[in-house]
Amino acid sequence: QVQLVESGGGLVQAGGSLKLSCTASGFIFNEYAIAWFRQAPGKEREAVSTISSDGGITHYADSVKGRFTISTDNAKNTAFLQMNNLQPEDTALYYCAAKNYPVASMSAAVYSYWGQGTQVTVSS
């Protein structure tokens, strides 16, 4: 049974940091590309960061480049999103997603599996 479970969200002040985790089960983790998306109230879901199945290729939205870092630990079937210098505009429900393909995509439609989301709230 395929499952993705996010954790690590919370409430922080602007300039603070959080590290999100996404633990996967039910598939071979290193055969799937992984992405982090976020969605704020009244806004469309947007891709934040992606990573290829081998961990070698990463991509970041311009809005988070230089502040966020995506990584994976294949032995633990876990993906991470380290978020530094958080700003109020980063406030959103953050989701991890996976697709059975080595190369990741910024399009939400291609992802087969999704977690339940974890809330990140940044106060000014």
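This text follows the structure it describes.
These notes cover the structure that comes with them.

Each value, and the rule that gives it
- Residues numbered from 1 in each chain as written.
- Predicted model: local features only at pLDDT ≥ 70, side-chain atom pairs only at ≥ 80, totals over all residues.
- Heavy atoms only, no water.
- Salt bridge = Lys/Arg side-chain N within 4 Å of Asp/Glu carboxyl O.
- Buried < 20%, exposed > 50% of the residue type's maximum accessible area, 1.4 Å probe, protein only.
- Helix = DSSP H or I, 4+ residues; strand = E, 2+ residues; numbered from the N terminus.
- Pairing = 2+ DSSP bridges.
- Contact = heavy atoms within 4.5 Å.
- Disulfide = S-S within 2.5 Å.
- Axes fitted to C-alpha atoms, helices over the stretch in contact; angles between N-to-C directions.
- Polar contact = N/O pair within 3.5 Å; in protein donor to acceptor, adjacent residues only side chain to side chain.

The next point concerns the pattern of salt bridges. What the rule picks out here adds up to five salt bridges. Asp62 is paired through a salt bridge with Lys65; the nearest N and O atoms lie 3.0 Å apart. Here Asp73 and Lys76 are joined by a salt bridge, their closest N and O atoms 3.6 Å apart. The class of Lys76 is exposed, set by a relative accessible area of 57%. One network of salt bridges, in which partners are shared, links Arg38, Glu46, Arg67 and Asp90.

As a further point, take the pairing of strand S8 (residues 78–83). For S8, the buried fraction is high: five of the six residues fall into the buried class. Sheet analysis places strand S3 (residues 18–25) next to S8, joined by six bridges and oriented antiparallel. The partner of Leu20 across the bridge, within S8, is Leu81. Relative to S8, strand S7 (residues 68–73) runs antiparallel, the two sharing six bridges.

Moving on: the environment of Phe68. On the secondary structure map, Phe68 appears in strand S7. By relative accessible area, which is 3% here, Phe68 ends up buried. Expressed as a C-alpha distance, the spacing of Phe68 and Asp90, which sit 22 residues apart in the sequence, is 11 Å. Aside from chain neighbours lying at most four places away, what touches Phe68 is Arg38, Val48, Tyr60, Leu81, Gln82, Met83, Asn84, Leu86, Asp90 and Tyr94.

Attention now goes to the state of the cysteines. Scanning all chains against the criterion turns up one disulfide. There is a disulfide in this structure between Cys22 and Cys96, and the S-S distance comes to 1.9 Å. Taking the torsion about the S-S bond as the criterion, the Cys22 to Cys96 disulfide, at about 60°, is right-handed. With Cys22 in strand S3 and Cys96 in strand S9 (residues 92–99), the pair connects residues that are 74 residues apart, well separated along the chain. Of the two residues examined, Cys22 and Cys96, each falls in the buried class.

Regular strands place side chains that alternate from one sheet face to the opposite one. As paired strands, strand S1 (residues 3–7) and S3 are joined by five bridges and run antiparallel to one another. Residue pairing in the sheet places Glu6 in a bridge with Cys22 of S3.

Bringing the sheet that holds S1 into the picture now. Read from one edge to the other, the open sheet built from four strands follows the order S1-S3-S8-S7, with strand pairing classed as antiparallel. This sheet does not close on itself; its edge strands, each paired only once, are S1 and S7. Ignoring strand direction, the axes of neighbouring strands in this sheet form an average angle of 15°.

For Ser49, the position within the fold is in strand S5 (residues 46–51). Among the residues examined, Ser49 registers a relative accessible area of 0% and is labelled buried. Of note is the side chain of Ser49, whose polar atom sits 3.0 Å from the backbone oxygen of His59. Ignoring anything within four residues of it in the chain, the contact list for Ser49 reads Ile34, Ala35, Trp36, His59, Tyr60, Ile70 and Leu81.

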